[in-house]
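Residue-level listing of the chains:
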Amino acid sequence: MPGTRNQMDRRNFLAKAAGFTGTAVLSSFWGTAQGVQFSAELASKENRNPTQLATDETYWEAIRKAFTVSEEIVNLNNGGASPQPKVVQDAVINYYRLANELPSYNLWRKIDGLREPLRTRLAALAGCKPTELAINRNATEGLETVIFGLPLKAGDEVVLCRYDYPSMIHAWDQRAHRDGIKLKWVELDVPMHSGKSIIDRYISAITPQTKLIHLTHIMNWTGQVIPVGKIGKLARKMGVEVMVDGAHSFSHIDFSVAKLHCDYFATSLHKWLCAPFGTGFLYVRESKISKLYPMYASLDPVGGEIQKFEHLGTRSLGTEMGIAEAIDFQEMIGMERKAARLNYLRMVWMDALKDTPGIRILTSNKPNMSAGMGLLDIEKLDPAELHNTLFNKHQFLVSPVNYHQARGIRVSPHIYTRINEMQRFIETIQKIAAR
Ligand SMILES: Cc1ncc(COP(=O)(O)O)c(C=O)c1O
């Protein structure tokens, strides 16, 4: 029976869970009696579409049970770093133990032997070729590899925006300082409701000297989604390269890297994929690999092999291999369903609070302009004070934001968040705003 990519991923996963024959060195949770029962429970919902399933609390409660999150504090700062399902934690711990039995052999032969199958799986999830994907530690590493590795010279221009992630802005500032490249700043409002207006602002910043546009797919301050695919298509036609900071978009919204029309894309997998802390990947378009220098030298720095970006020295390789369990977990749910649930959780609190006096919502509610995260401001309260009140008095963890026009608390639930936790959050915010 044919189906969408998401349905096929899920069917593959469920078939695998029923008689697990994976390439892992260690036996998987999904092969245990508990794992089989858990996947059967989830498979019983297989025919429900993403919109129906987004509001099915029994399904998401089963997902919640796969996590080991605090029952005391409601974590609404998953955008910072997400927890891993227990199966992912167990995989990392087991690999760590295995490595300690015989480090040099088990790390570099046994565990690292799983790298190429993992690359293939991760590339399938990302929608690119395995030969274009380097596994690394985080988005910072991937993006700065590009920022520092590109052959740019004095006078070359790079287009970016004040709401890009500060570490990336600092990296570009450093390049401007050392090499004399010019930074051209696009002005964006908070929030932006029109994709067309965002596209126009980026494209009109291009000059004959522009070499690259730096785009943040989902802004960390506000959850604003940037139409990177459309900007990428236009910019590349004009001969300008495109780099995408996908720290917040990967495994959060449903897209494939190949369709973003970008040359470089980097993400952290410890955010929305719920993979081990300190995991990420860098995508480099095949034709661009040889011109991009790696951050840490390899035998052939101008070669065309993606592995040249993985010379990171000795590290806990089992952490990387734990990514495979996170992919299994994600495929069991399906990206479309996950994205629908995340969007639903944002809409629940945003719709309930949008007309409350004294509250400003600084994230667009328009289709495709936001996803699971949003920014909320109680005008009379300093964001740090609101954060402290929520944490100390009401047991909610959020992220305070006070950056240019972005002011308030960032709210980022995840797939394990219960609807009654969001309802208590809404009531708490209404009471604080009314004081
Ligand atoms: C937009 C954006 N880019 C890059 C990063 C860097 O991610 P990491 O610290 O995992 O490298 C973050 C982290 O929050 C981010 O929000």
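Residues numbered from 1 in each chain as written. Predicted model: local features only at pLDDT ≥ 70, side-chain atom pairs only at ≥ 80, totals over all residues. Heavy atoms only, no water.

1. What to know about the overall build of the protein
Working step 1: The number of helices and strands found in the protein is 16 helices and 13 strands.
Working step 2: A compact globule built from 435 residues should have a C-alpha radius of gyration of about 22 Å, and the protein, at 22 Å, falls within 12% of that.
Working step 3: For the protein, the spread of C-alpha atoms along the three principal axes comes to 60 × 60 × 45 Å.
Working step 4: Per-residue burial for the protein yields a buried fraction of 57% across its 435 residues.
Working step 5: The contacts in the protein between residues at least 6 apart in sequence include a share of 71% that link residues at least 24 apart.
Working step 6: Carbon and sulfur atoms make up 54% of the accessible area of the protein, which totals about 18,100 Å².
Working step 7: If the 52 positive side-chain charges of the protein are averaged to one point and the 44 negative ones to another, these points end up 2 Å apart. (Helix = DSSP H or I, 4+ residues; strand = E, 2+ residues; numbered from the N terminus. Rg over C-alpha atoms; globule rule 2.2 N^0.38 Å. Buried < 20%, exposed > 50% of the residue type's maximum accessible area, 1.4 Å probe, protein only. Contact = heavy atoms within 4.5 Å. Areas by Shrake-Rupley, 256 points an atom, 1.4 Å probe, with all protein chains shown as cover. Lys, Arg positive; Asp, Glu negative; His and termini not counted. Charge placed at Lys NZ, Arg CZ, Asp CG, Glu CD.)

2. Focus: the site of the ligand
Working step 1: Close to the ligand lie Asn138, Ala139, Thr140, Tyr165, Thr216, Asn220, Asp245, Ala247, His248, Ser268, His270 and Lys271.
Working step 2: Between the ligand and Asn138 there is a distance of 3.5 Å, counted from an oxygen atom to a side-chain nitrogen or oxygen.
Working step 3: At 2.6 Å, a side-chain N or O of Ser268 approaches an oxygen atom of the ligand.
Working step 4: About the coverage of the ligand: the protein hides 87% of its 390 Å² of free accessible area. (Near = heavy atom within 4 Å. Polar contact = N/O pair within 3.5 Å; in protein donor to acceptor, adjacent residues only side chain to side chain.)

3. Remarks on the sheet that holds strand 3 (residues 157-161)
Working step 1: Strand order across the open sheet formed by seven strands is 2-8-7-6-5-3-4, with mixed pairing between neighbours. Edge positions in the sheet fall to strand 2 (133-136) and strand 4 (182-186), since each of these pairs with one other strand and no more. The sheet shows a mean angle of 20 degrees between the axes of neighbouring strands, direction not considered.
Working step 2: Bridge count between strand 6 (residues 241-245) and strand 7 (residues 264-268): three bridges; the pairing is parallel. Residue Asp245 lies in a different strand from strand 7, and its bridge partner there is Ala266.
Working step 3: Against the sheet, helix 7 (residues 115-126) touches strand 2 and strand 8 (280-284), its axis set at about 115 degrees to strand 2.
Working step 4: On top of the sheet, helix 9 (residues 166-179) reaches strand 3, strand 4, strand 5 (210-216) and strand 6; it is set at about 145 degrees to strand 4, its chief contact. (Pairing = 2+ DSSP bridges. Axes fitted to C-alpha atoms, helices over the stretch in contact; angles between N-to-C directions.)

4. As for the domain arrangement of the protein
Often, the extent of an interface is quoted as the loss of accessible area upon association of its parts.
Working step 1: Domain boundaries assigned for the protein yield domain 1 (114-325) and domain 2 (337-434).
Working step 2: Computed from C-alpha atoms alone, the centre-to-centre distance between domain 1 and domain 2 is 28 Å.
Working step 3: Listed as interface residues are 30 residues of domain 1 and, on the opposing side, 24 residues of domain 2.
Working step 4: Here domain 1 packs against domain 2, burying approximately 2,100 Å² in sum over the two surfaces, 63% of which is carbon and sulfur.
Working step 5: The largest per-residue losses of area from domain 1 upon contact with domain 2 belong to Trp221, His252 and Trp272, which jointly make up 28% of the total buried on that side.
Working step 6: In this structure, the connection of domain 1 to domain 2 is made through zero salt bridges.
Working step 7: Residues belonging to the side of domain 1 that touches domain 2 are distributed by class as follows: 15 nonpolar, ten polar and five charged. (Domains from an automatic or database assignment. Buried area = accessible area lost by both parts, 1.4 Å probe. Salt bridge = Lys/Arg side-chain N within 4 Å of Asp/Glu carboxyl O. Nonpolar A, V, L, I, M, F, W, Y, C, P; charged D, E, K, R; others polar.)

5. Comments concerning the side chain of Asn77
Working step 1: You can see Asn77 is positioned in the loop between strand 1 (74-75) and helix 5 (86-101).
Working step 2: For Asn77, the side chain forms a polar contact with the main-chain nitrogen of Gly80, separated by 3.3 Å.
Working step 3: Residue contacts for Asn77: discarding those within four places in its chain leaves Leu397, Val398, Ser399, Arg410 and Ser412.

6. Overview of the environment of Asn47
Working step 1: For Asn47, the location among the structural elements is in the loop between helix 2 (33-43) and helix 3 (50-54).
Working step 2: Contact partners of Asn47, with chain neighbours within four places excluded, come to Gln52 and Arg337.

7. Some thoughts on the pattern of salt bridges
Working step 1: Inspection of every chain in the model, using the stated rule, returns 30 salt bridges.
Working step 2: For Lys291, the salt bridge goes to Glu241, with nearest N and O atoms at 2.6 Å. With a gap of 50 residues between them, Lys291 in the loop between strand 8 and helix 12 (317-321) and Glu241 in strand 6 connect regions that are remote in the sequence.
Working step 3: By relative accessible area, which is 33% here, Lys291 ends up partly exposed.
Working step 4: The salt bridge partner of Asp377 is Arg407, with a shortest N-O separation of 2.6 Å. With Asp377 in strand 10 (residues 374-378) and Arg407 in strand 13 (residues 406-411), this pair connects stretches of sequence that are 30 residues apart.
Working step 5: According to the relative accessible area criterion, Asp377 is buried, its value standing at 2%.
Working step 6: Owing to a relative accessible area of 21%, Arg407 belongs among the partly exposed residues under this scheme.

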